[in-house]
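# An overview of the molecular structure
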Amino acid sequence: MNYELFIAKRIIAAKQDKSSVSSPIIKIAIAAIALGVVIMMIAIATGVGLQKKIKEKISGFNGHIQIANYEENNSKITVNPIDLSQEFYPNFTDVDGIKNVQSYASKGGIIRTDTDFEGVVLKGVNVDYDWSFFESYLIEGTILSLNDEISNEVLISKVTANRLDLKLGDTFNTFFIKNDPTKAPNARKFSIVGIFNSGFKEFDENYIIGDIKQVQRLNKWRSDQVGGFEVLINDFDELKEKGDEIYSTVPSTLNAVTIAEKYPTIFEWLSLFDNNIIVIIGIMILIAGINMITALLVLILERTQMIGILKALGNSNWSIRKIFLYNATYLISIGLFFGNVVGIGILLAQKYFGIIQLNPETYYVSQAPVYLDIKYILVLNIGTLVLCLLMLLVPSYIVSKISPVKAIKFD
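No experiment lies behind these values; they were computed from the predicted model shown.

### Brief notes about unusual backbone geometry
- The omega torsion of the bond from Tyr89 to Pro90 falls at 5°, within 30 degrees of zero and hence cis.
- Structurally, Pro90 is set in the loop between strand E2 (82–83) and strand E3 (98–112).
- At Asp165, a residue that is not glycine, the phi angle is positive and equals roughly 55°.
- Relative to the elements of secondary structure, Asp165 occurs in the loop between helix H4 (158–164) and strand E7 (171–176).
- One non-glycine residue, Lys220, lies in the positive phi region at around 60°.
- Positionally, Lys220 belongs in the loop between helix H6 (212–218) and strand E10 (225–226).

Set out below in structure tokens:
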């Protein structure tokens, strides 16, 4: 039988005197822990959620890794073609963890309507394209149905549709400049079969998605020539590792660039969220720890006579300290429980109802995204409990300073 735990349970089970000094202090300490857990949980869930959502959107438009000619890796427009026949296409046999390899080609143009015009990039995709990203953000219509025949169907963003007053089923003319600027541009009429809204305005306002054969014809390329390849990987956390592997695998005439290298400013901005999360967690745990230290000291002072009696009966200082640490563990657990209930409730409400809205021009998303994972919730709870208990070891040392004779005479 655990003697210290038994005494701690008796203390916990005892009815608290409403006039006790420790009663309001303990409640404040529990509330501080609960509030700290809620804030930490929200900080992690929204911070990681925003990182994942933005990374998902960037990779949805660009793939995780792009293989193209050296001079075109950081350009939205492909000029010099690459032969479709490559050792890594359609399957990357030399690198593990590859989800899909898809060919693409792009060309800049201007959409012209009766009342307005808009500069866009026609991204031509092939039958090998993974549509899972656009399927999740499609708000009207369907995705493209590509086959051996050239298609005039395109997907456009809600942003572009609103600017040009276009809707599902409409047709519009797009003009593409030829390599020789003295010649009249090529004109193509496209039909809108789908409208998407990723919330990433920087990409939504620039791209329309169409058949790669349109770009091949505009550039006078052969059917076995493309602008480049997009590689999708299974685990985003392995982006750098897989990027290096792919770079060393592709021919020396081609370059492989990860989206983190292509958009360094965005990814540097995202990395700042990690620092913010760490600072918030540190501050919240410190506040919770200070409140628990105060509560523990008050509990010890209120139980001075009990400490004196236990010492007189032969209990060691460490044994008595364990009694109060068990008691503190119980109080911390209560705070963690209520913090988890409230925190998870708030996050679920945000996830399914989108209560908190964001400016997509600043945050690239229209509402605060939430990422819930049982792993980080468990780590957060266990970490908070352990750190708070470690902080309580020092103040519990006051037990050893209490004299049994003076404590028993204490009134």
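### A word on the environment of Gly228
- By the element assignment, Gly228 lies in strand E11 (residues 228–233).
- Sequence separation between Gly228 and Leu254 is 26 residues, and the spatial gap between their C-alpha atoms is 9.2 Å.
- If we skip the residues at most four places from it in the chain, Gly228 touches Ile67, Ile82, Gln102, Ser103 and Tyr104.

### A few points about the pattern of salt bridges
- The tally for this structure, following the rule as stated, stands at twelve salt bridges.
- When the shortest N-O distance is used, the salt bridge between Arg222 and Asp83 registers 3.4 Å. Here Asp83 lies in strand E2 and Arg222 lies in the loop between H6 and E10, a separation of 139 residues in the sequence.
- According to the relative accessible area criterion, Asp83 is partly exposed, its value standing at 40%.
- The partner of Glu205 in a salt bridge is Arg163, with the nearest N and O atoms 2.9 Å apart. With Glu205 in the loop between helix H5 (201–204) and strand E9 (207–211) and Arg163 in helix H4, this pair connects stretches of sequence that are 42 residues apart.
- Given a relative accessible area of 21%, Glu205 falls into the partly exposed group.
- Look at the salt bridges and you will find they share partners, linking Asp83, Arg222 and Asp224 into a network.

### A word on helix H10 (residues 304–312)
- Inspection of H10 places Thr304, Met306, Ile307, Gly308, Leu310 and Lys311 among the buried residues, and these make up the whole buried set.
- Gly314 lies just past H10 and shows a positive phi near 105°.

### Overview of the side chain of Gln102
- Positionally, Gln102 belongs in strand E3.
- A relative accessible area of 2% means that Gln102 is categorised as buried.
- At 2.9 Å, the side chain of Gln102 forms a polar contact with the side chain of Asn100.
- Once residues within four sequence positions are removed from consideration, Gln102 is found in contact with Asp128, Tyr129, Asp130, Gly228, Phe229, Glu230 and Leu232.

### Looking at the nonpolar core
- Residues Ile67, Phe92 and Ile246 are the most contacted members of the largest nonpolar core, which totals 66 residues.
- Of all the elements, strand E8 (residues 186–196) adds the most residues to this core, at five residues.

### A closer look at a nonpolar patch on the surface
- Residues Ile374, Leu378, Ile382, Val386, Leu387 and Leu390 make up a contiguous nonpolar surface patch of about 560 Å² in total accessible area.
- Summarising the element assignment, Leu378 is placed in helix H13 (residues 374–393).

### Description of the environment of Lys220
- The class for Lys220 is exposed, based on a relative accessible area of 71%.
- A sequence separation of 27 residues divides Lys220 from Tyr247, and the C-alpha atoms of the two residues are 29 Å apart.

### Here's the deal with the packing of aromatic side chains
- Summed over all chains, the structure comprises 22 aromatic pairs.
- When the centroid spacing of 5.3 Å and the interplanar angle of 75° are considered together, the rings of Phe337 and Phe338 count as edge-to-face.
- Residue Phe337 is classed as exposed on the basis of its relative accessible area of 51%.
- Through a chain of ring-to-ring contacts, three or more aromatic side chains come together here, namely Phe61, Tyr129, Trp131, Phe133, Phe134, Tyr137, Phe196, Phe200, Phe203, Tyr207 and Tyr263.
- The ring of Tyr371 has Lys52 lying over it, and the distance from NZ or CZ to the ring centre is 4.9 Å.
- The positively charged end of Lys123 is found above the aromatic ring belonging to Tyr104, 5.9 Å away from the centroid.

### As for the pairing of E11
- Burial of E11 is extensive: six of the six residues sit out of reach of the surface.
- Here E11 shows a buried face lined by Gly228, Glu230 and Leu232 and a second buried face lined by Phe229, Val231 and Ile233.
- Two strands pair when backbone bridges link them, and strand E1 (residues 65–69) and E11 are joined in this way by three bridges, in the antiparallel orientation. Bridge pairing links Ile65 to Val231 in E11.
- Two strands pair when backbone bridges link them, and E3 and E11 are joined in this way by six bridges, in the antiparallel orientation. The partner of Val101 across the bridge, within E11, is Val231.

Thresholds applied
Residues numbered from 1 in each chain as written. Predicted model: local features only at pLDDT ≥ 70, side-chain atom pairs only at ≥ 80, totals over all residues. Heavy atoms only, no water. Helix = DSSP H or I, 4+ residues; strand = E, 2+ residues; numbered from the N terminus. Contact = heavy atoms within 4.5 Å. Salt bridge = Lys/Arg side-chain N within 4 Å of Asp/Glu carboxyl O. Buried < 20%, exposed > 50% of the residue type's maximum accessible area, 1.4 Å probe, protein only. Polar contact = N/O pair within 3.5 Å; in protein donor to acceptor, adjacent residues only side chain to side chain. Core = buried A, V, L, I, M, F, W, Y, C linked by side-chain atoms within 4.5 Å. Patch = residues over 30% accessible without salt bridge, like charges linked within 9 Å, V, L, I, M, F, W, Y side chains within 5 Å. Areas by Shrake-Rupley, 256 points an atom, 1.4 Å probe, with all protein chains shown as cover. Phe/Tyr/Trp six-rings, centres within 6.5 Å; stacked < 30°, edge-to-face > 60°. Lys NZ or Arg CZ within 6 Å of the ring centre and 35° of its normal. Pairing = 2+ DSSP bridges.

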